[in-house]
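# Structure assessment
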Amino acid sequence: MLNYSKSLRAALGVCAAFMLCCAAAPVWAARVGISMPTDQRQRWLDDGYEMKIGLEAAGHEVALTYAGDNDVALQKKQIAEMISQGATFLIITAADRNSLVEVLKDCRDKKITVIAYDRLIAGTPNLSYYVSFDNYKIGVMQARYLESMLELATSKQKRYIEIFSGSKDDSNATYILNGSLSVLQPYLDKGTVVCRSAQTSLEQTAVQNWRPELAEQRMSELIKELGYGPEGTKLDAVLSPNDSIARGIIAALQKAGYDQSNIPLTEGQDCDKRNVKLIVDGLQGMSVFKDTRELALMAVAMVDASVKGQEVPVNDTTSYDNGLGPVSAFLMEPVMVSRGNLREVLFDSGYYDESVILNGQP
Ligand code: BGC
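In this report, the structure presented in the accompanying data block is examined.

Rules of the game
- Residues numbered from 1 in each chain as written.
- Predicted model: local features only at pLDDT ≥ 70, side-chain atom pairs only at ≥ 80, totals over all residues.
- Heavy atoms only, no water.
- Helix = DSSP H or I, 4+ residues; strand = E, 2+ residues; numbered from the N terminus.
- Buried < 20%, exposed > 50% of the residue type's maximum accessible area, 1.4 Å probe, protein only.
- Contact = heavy atoms within 4.5 Å.
- Phe/Tyr/Trp six-rings, centres within 6.5 Å; stacked < 30°, edge-to-face > 60°.

Note: most peptide bonds trans; most residues except glycine with negative phi. The backbone of Asn 70 sits at a positive phi, close to 60 degrees, despite the residue not being glycine. Even without being glycine, Asp 118 reaches a positive phi, approximately 70 degrees. Structurally, Asp 118 can be placed in the loop between strand S4 (113-117) and strand S5 (129-133). Asp 118 sits in the buried class, given a relative accessible area of 2%.

If you want it as structure tokens, here you go:
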């Protein structure tokens, strides 16, 4: 689907073939520790699995760990263990972006290459690379969808929205919100878009650990306080940064009496199976597809190139700053998915089996 995937797969295919015909481990084999934040979300299970099989196929040794459900102390312990067991590369998605400075402090001295995967790790000078989808762009896409569906640029009608954002300890939450506000703030300033709760900052709108139940709770409170409902106060859209939060918001809206015919527009990202079904059913407006297979392959390619002393693929050296300066990054292109292109992007491409999604199987 994305143009670099073919050459990446081909390159890694060559490595796998090389391994099959050589008895001794190649000198460039890396020991890679992968640290994922939670085993409770489809996307991190997929990412971890894809990286492990990609790295192993390329001849590297892998330890894959999940930090329970965003258990920050456990993640630190698991990373420390992988370091003491001789990891030469660490690929980390931080449960809390600020929590890893101490555990990573000797990595450069020990020649351990640290790659931040999907989420930037803050405050450490020991970070070598960042590989992610462009999170700012994701926020822009979510808001552009809303702008186009509500005809914000052309209609004279006032539109009413509420805003949600991701977990405060995840750097992506800030980039996504800033991206969305870059589109929506001018309308909010003009008063053509109204956020009745007046809650638009990260501080006010964040959902800890992107938990659907916390999103549902906040949405239910807003419904109660402001009287939103199909027969009540008008609400046109709820800006939602990802699919787990969208599920919580949609659950609260349904409990307030909304259905397919009148539910406010919501957005998301990840194209989780359950949310794809919500889009098909007309309950969620759009999601952003981030092909985690491609992201995982890019992380594998970074390790592979680095261990062989080749040029590590990066395409952005200025946009993502971890507090100590910009980090060399490879940013992948997200794809907007709504009812109109869902079949082509997710089913025809073979990413999901249509019958599994339509039957509502997890
Ligand atoms: C990721 C999203 C994910 C969220 C919750 C973010 O850092 O970029 O894809 O939905 O975490 O797991």
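With that settled, the discussion passes to the side chain of Arg 247. Tracing the backbone through its elements, the reader meets Arg 247 in helix H8 (residues 243-255). Look past the residues within four positions of Arg 247 in its chain and what remains in contact with it is Asp 272, Arg 274, Asn 275 and Leu 278.

Its location among the elements puts Arg 43 in helix H2 (residues 42-57). Arg 43 gets classed as buried once you look at its relative accessible area, which sits at 7%. Beyond its immediate chain neighbours, meaning those up to four positions away, Arg 43 contacts Tyr 117, Asp 118, Asp 270, Lys 290, Thr 292 and Leu 295.

Moving on to the packing of aromatic side chains. Here the structure, examined in full by the defined rule, presents 4 aromatic pairs. Taking the centre distance of 4.3 Å and the plane angle of 40 degrees together, the rings of Tyr 175 and Tyr 320 count as tilted. Of the two residues, Tyr 175 is situated in helix H5 (residues 171-190) and Tyr 320 in the loop between helix H10 (292-307) and strand S11 (329-332); the sequence distance between them amounts to 145 residues. Under the relative-accessibility criterion, Tyr 175 is labelled buried at 18%. Ring centres of Phe 289 and Tyr 351 lie 4.7 Å apart, and the angle between their planes is 75 degrees; on these two criteria the pair is classed as edge-to-face. Pair noted here: Phe 289 is in strand S10 (residues 286-289) and Tyr 351 is in the loop between helix H11 (342-348) and helix H12 (354-358), with a separation of 62 residues, a long-range link. The exposure classification of Phe 289 matches that of Tyr 351, with both residues buried.

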